[in-house]
Structures are given as C-alpha cells and as structure tokens.
Amino acid sequence: MPQVQTVAGPVDTAELGGVLMHEHVFVLTPDVQQNFPEEWGSEEERVADAVTKLQALAATGVGTIVDPTVIGLGRYIPRIQRIAEQVDLNIVVATGCYTYEDVPFFFHHRGPALDAALGTSVPDPMVDMFVRDITDGIAGTGVRAAFLKCAIDRPGLTRGVERVMRAVAQAHHRTDVPITVHTHPGSRQGLEVQRVFAEEGVDPRRVVLGHSGDTTDVDHLTELADAGFVLGMDRFGINLDTTFEARADTVVELCRRGYAESMVLSQDAACYIDWVDPFVMEMLTQWRYTHIHEEVLPYLREHGVTDEQIETMLVRNPRRYFDG
Ligand SMILES: [Zn+2]
C-alpha cells in the first residue's frame, strides 16, 4: 500500500481523501518576525487561529493539505507539529528552496559557486539537505518532507533559479518524491521547467506546475498537460489581477476539453502571511481555505463540471502524484 509522509507520520495514499495541493499554514520572513514581532503577536494566538481555520476546512470534508513552505518562505516545523496535533487534517510538508532570482546568501559561497575557484565541480549542498529532509526528517523533528519545491517567476531561468531547479531534480531522483514548481504562466515559464527537467530526466507526471490557474490561456495549458505535467489551478481567491470567474471558467473549459486528469485545485492560502499588508488581506475576502468548497465547486457544477471530474481533481490526481 503506497504511503505518503505527513506531519503526524505516514498515511496510505488511499486514505488522503480530498486534497488541496497547495496551501500554506504560515508564510513568514523569520528575521523580520524575530526583530519586529508586533504584527505577529503571540505564538499561542497564531497557533490557536491556525487550528480554528484548519478545523473549518476539515469540516468541509477536505482530508489533506499539501504545504509547499520551504526555505525562503519561513518553514518552521515544530509550530506545524503543534497545529497538526489539534486538527483533523493530514498536513504534508515539503523541502526545497523558494527564489525568483538568486539563491539565498547561505549558498552563495558553497557548492557550484566554488567550481571556478577550486577548478573542479563541487556538489551542491542543497541536494543533500533536501534528501535528508525527505529520508531522515526535518531538523530533528522526525517529520519527513514528502515532496520538493522550487520556483521560477517572471525573471525566468536565472542562475539561482536554475541551480535550485537542478538540485531539486537530483534530490527527486535520489528519493522518488514528487515536485511542485511555482511558475508564472503569463510569461510561459512552464516551458523552461519542461526544458530543464527534460535534461534532468524528470518525468513531468511527477511535477505540478503551480499557479497555472493564473492564466486563462487554455491552449498554453493544454500544451503543458499534453507533455504530462499536472496543472496547479491553485490560487482560487487571489483575485487581484484576475477574477473569480476567469479562474473558474479556465477550469470549466479544461474539463470540457477532457483535462480533468491534468488538474489539481487549491488556494495558496495561509492562516497568516507576512508578505501582505493586513488591509489588503481584508480586501481579498475569498482568499481563505474554504473558498473552493463554498464557492468554486458549486460554480464548477453549475457550469457543467461533473462530480466525477471534481473527484478526479481533488482525490485521484493527488493520490497518483504521491503514488509515483
Ligand atoms: Zn504558495
């Protein structure tokens, strides 16, 4: 029976239930938080708030959230463990590195950055760090990462982005866990992911192209789906440069064209994200964990998406992604 590692230990993939494939619990900037903690408030309040919000999500029938919070997004697993103990949800966590441009300074003078100085090819320490998170557990917590995460955004395949992407590919080959890539579909960065992962021998069926739902270019998305990639329609509720209808209609059209097996659904929400001013958060009233079940699914059904297709996007596709 294939299993996936969660914060509370291994779970049969058949028991994951409905899965939201890209939700954060927290997105934080730790050195800002440690020095300017006023907005964060107290640890106890934040944990209690997270438990309340995640329990509301569990009440909609969702069984699992997949949390791609890695280096660069403030991952801190002991806090997630406290929360996981108090909610009726599986929480699946990740390893990897999130950057749109350069690698974090920690890596600037390590690994391949030393190649020229040493006149030899130096292995990237990121690879062993990612593998250790997956095989031994994260920072002594015993919690094992179940997937890998990297990013590419509008700046494209910068040296730092490429270094992380190739490290993720190598860690994938050593562990066989799947991958989620933050992409920017408006500038067609999925094609760069396709090129690098083809060179690295990564099977696109093990890769979610996150934020695919940020575009309404259905022809571009079907091209990536035809290559085997899983499309993350995973920012429902972030209606800043787009609308609820634009996001939902893209899923409707992809379902109509027979692509339900290529999509997963999520919201990229968080209990607390310090990247966004609280007044903006108040404007984004649909950016919450329960938006898909309360508003998106009813809309999809009204527009011809079948229960079978919804089950495929929420249950079968995530299970297949982790089954390998
Ligand atoms: Zn995210």
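Parameters and conventions
- Residues numbered from 1 in each chain as written.
- Predicted model: local features only at pLDDT ≥ 70, side-chain atom pairs only at ≥ 80, totals over all residues.
- Heavy atoms only, no water.
- Salt bridge = Lys/Arg side-chain N within 4 Å of Asp/Glu carboxyl O.
- Helix = DSSP H or I, 4+ residues; strand = E, 2+ residues; numbered from the N terminus.
- Buried < 20%, exposed > 50% of the residue type's maximum accessible area, 1.4 Å probe, protein only.
- Axes fitted to C-alpha atoms, helices over the stretch in contact; angles between N-to-C directions.
- Parallel < 35°, antiparallel > 145°, perpendicular 65-115°, else oblique.
- Left-handed = near helix turned anticlockwise from the far one by under 90°.
- Contact = heavy atoms within 4.5 Å.
- Nonpolar A, V, L, I, M, F, W, Y, C, P; charged D, E, K, R; others polar.

Draft legend 1. Spotlight on the pattern of salt bridges. Tallied over the full model, the rule gives 25 salt bridges. Between Asp214 and Arg235 there is a salt bridge, with its nearest N and O atoms 2.7 Å apart. Highlighted residues: Asp214 in the loop between β9 (207-210) and α8 (218-226) and Arg235 in the loop between β10 (230-233) and α9 (244-256), separated in sequence by 21 residues. Among the ionic pairs, Asp268 bridges to Arg235, the shortest N-O distance being 3.0 Å. Here Asp268 is found in the loop between β11 (263-265) and β12 (272-273), whereas its partner Arg235 is found in the loop between β10 and α9, with 33 residues between them in sequence. Like Asp268, the residue Arg235 is buried in the burial classification.

Draft legend 2. Molecular detail of the packing of helix α2 (residues 43-59) against helix α3 (residues 77-84). The contact between α2 and α3 brings their axes to 9 Å, and the two run at 50 degrees. Considering their axes alone, α2 and α3 lie oblique with respect to each other. Crossing handedness for the pair α2 and α3: right-handed. Contacts from Glu43, Glu44, Val47, Ala50, Val51 and Leu54 in α2 reach Arg79, Arg82 and Ile83 in α3. Class assignment of the residues belonging to the contact of α2 with α3 gives a composition of 5 nonpolar, no polar and 4 charged.

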